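This is what each chain is made of:
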Amino acid sequence: MAHTMTGFDHQRVRVDDGVELHVAVGGSGPPVVLLHGFPQTHLMWRHVAADLAADHTVICPDLRGYGDSDKPREENPDTYAKRTMANDVVALARALGHERFALAGHDRGALVAFRAGLDHPDVVTHLACLDVLPTLDMWEALHGTSAAVGFHLYLMAQPAGLPERMIEASADAFFGHFLDAWTKAPDALPAGVRDVYLEACRGAVPSIVADYRASAGIDVDHDRADRASGKQLTMPVSVLQQDWGAALGYEAAALWGAWAADLRHSTVSCGHFMAEEAPGDIAKALRDLMGR
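Before going into details, it helps to say that this report is about the structure given with it. Source: prediction; values computed, not measured. (Residues numbered from 1 in each chain as written. Predicted model: local features only at pLDDT ≥ 70, side-chain atom pairs only at ≥ 80, totals over all residues. Heavy atoms only, no water.)

**Structural notes on the sheet that holds strand E1 (residues 9–16)**
So, point 1. Reading across from one edge, E1-E2-E4-E3-E5-E6-E7-E8 is the order of the eight strands in this open sheet, with mixed pairing throughout. Both edges of this open sheet fall to E1 and strand E8 (263–267), since each of them pairs with a single strand only. Strand-to-strand twist across the sheet, computed as the mean angle between neighbouring axes with direction ignored, equals 20 degrees.
So, point 2. When strand E2 (residues 19–26) meets strand E4 (residues 57–61), the two strands line up antiparallel, connected through four bridges. The residue bridging Val 25 from the neighbouring strand is Ile 59, located in E4.
So, point 3. Of the strands in this sheet, strand E3 (31–35), strand E5 (101–106) and strand E6 (124–130) are in contact with helix H3 (residues 108–119), which crosses E5 at around 145 degrees.
So, point 4. Against the sheet, helix H14 (residues 279–290) contacts E3, E5, E6 and strand E7 (237–241), and its axis sits at roughly 150 degrees relative to E6. (Pairing = 2+ DSSP bridges. Helix = DSSP H or I, 4+ residues; strand = E, 2+ residues; numbered from the N terminus. Axes fitted to C-alpha atoms, helices over the stretch in contact; angles between N-to-C directions. Contact = heavy atoms within 4.5 Å.)

**Comments concerning the pairing of E5**
So, point 1. In terms of burial, E5 is a largely internal element, six of the six residues being buried.
So, point 2. Here E5 shows no split at all, with Phe 101, Leu 103 and Gly 105 on one side and Ala 102, Ala 104 and His 106 on the other all buried.
So, point 3. Pairing of E3 with E5, which is carried by four bridges, proceeds in the parallel orientation. For Val 32, the partnering residue across the bridge sits in E5 and is Ala 102. (Buried < 20%, exposed > 50% of the residue type's maximum accessible area, 1.4 Å probe, protein only.)

**What to know about the side chain of His 36**
So, point 1. Structurally, the position occupied by His 36 is in the loop between E3 and helix H1 (46–52).
So, point 2. Separated by 3.3 Å, the side chain of His 36 and the backbone oxygen of Gln 40 make a polar contact.
So, point 3. Apart from residues no more than four positions distant in its own chain, His 36 is found in contact with Thr 41, His 42, Met 44, Trp 45, Pro 61, Asp 62, Leu 63, Tyr 66, His 106, Arg 108 and Gly 109. (Polar contact = N/O pair within 3.5 Å; in protein donor to acceptor, adjacent residues only side chain to side chain.)

Structure, rendered in structure tokens:
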């Protein structure tokens, strides 16, 4: 798979028994970890990472199950629980010499980042989540015909076997649909980059489905337990997202505010792939967050 993050070193780092993550590392200064979303790889951060690397150590892994990282078989619900994937991120940073770090995630990566912030408040100094709701809130917000926008969530929530076969039968059409439908600036995803994403997803259907399946089960259990106990994010938090609440009938800032006392919530005018559609705005938002 081609990698085009100029000036970044690429390596593999062991984070769990039998699991290594591929990671791109560049720059110097206070560490910040950037987690990609679906259907993408670490490459989605290429513009933002290059900007932040001027004065930060920037760490961009492929999540467990994605890109060039290992894709363990889904042995049980924990294999792709966001708690497990958050532990991967903490172990990765520690292996690179960083006991504490700022953390930003987009889409699936934001759910991992959210879980890392709840489970490791002594490690995550600042948290940014891009274009998601916490898993429990997401499921509660989807209802009626408006939930059709999240059809992939329901498909990949099904027991192992059927969703994998359906997606593998037309993988490029499936993953390409989201790359096309979720952007307002197609030029932000040039053909070569789009090809990297499609190749990566085509080779990772079982693990991607397992990641989503966990979000319809064990991840909800973890969120529900934290909500019941009143657990909150204790670090400064920034959330940037499209105005999905207007379409689906919820108040996003209020939902996020229940989880984070020190919250800055903003809506964006670009599409879902904001780190590629508006990288300057995202880099500025992350710098502002890390300055709090």
